[in-house]
Amino acid sequence: MEDMFITPIQPLGRIGEAAPVSVTSSSVKGQEGFSAFKGIFEEAINNVKETDQNLAKNQYLLATGQIEDPHTVNIAASEAQLAVDLLVSLRSKALEVYNEIMRISA
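Residues numbered from 1 in each chain as written. Predicted model: local features only at pLDDT ≥ 70, side-chain atom pairs only at ≥ 80, totals over all residues. Heavy atoms only, no water.

Enquirer: How should I be thinking about the overall build of the protein in this particular structure?
Expert: Summing up its helical and strand segments, the protein has three helices and zero strands in all. The buried share of the protein, taken over its 106 residues, is 13%. In the protein, of all internal contacts separated by at least 6 residues, the share reaching a separation of at least 24 is 50%. (Helix = DSSP H or I, 4+ residues; strand = E, 2+ residues; numbered from the N terminus. Buried < 20%, exposed > 50% of the residue type's maximum accessible area, 1.4 Å probe, protein only. Contact = heavy atoms within 4.5 Å.)

Listed below in structure tokens is the structure:
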């Protein structure tokens, strides 16, 4: 019972501090929230691209007989599917929030 595998939850500061995003020179003061939001989506899109490329590479290696561990193709396929699912979930949640804000404003 001495070994704990669960790490305690650390409180988060502001939302911008949770996921640091580099602010470009074209951003205007006061739009840090927008750039953080944009950064989250860009990261999710890049993750989808990377996992898809990794899956394609592993499938090519499997088809040409150059891969030593065939199970890596299944792992890469699962990672690619999870990345797409995360991106779709982010999109859906963003649209729900937008519609809720528009309903409140009206």
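Enquirer: Hey, could you run me through helix α2 (residues 32-63) in this one?
Expert: Each α-helix winds once per 3.6 residues, and so residues spaced three or four apart point in a common direction. Here α2 is 32 residues long and its end C-alpha atoms lie 46 Å apart, about the 46 Å a rise of 1.5 Å per residue gives. Buried-residue contacts for α2 involve α3 (71-105). A positive backbone phi angle near 75° is found at G65, which sits one or two residues after α2. (Expected span 1.5 Å × (residues − 1).)

Enquirer: In this structure, what is going on with a nonpolar patch on the surface? I would like to understand it.
Expert: Nonpolar side chains collect at one region of the surface, where V97, Y98, I101 and M102 lie side by side and expose about 390 Å² of accessible area between them. With respect to the element layout, M102 can be found in helix α3. The exposure class assigned to M102 is partly exposed, which follows from its relative accessible area of 42%. (Patch = residues over 30% accessible without salt bridge, like charges linked within 9 Å, V, L, I, M, F, W, Y side chains within 5 Å. Areas by Shrake-Rupley, 256 points an atom, 1.4 Å probe, with all protein chains shown as cover. Salt bridge = Lys/Arg side-chain N within 4 Å of Asp/Glu carboxyl O.)

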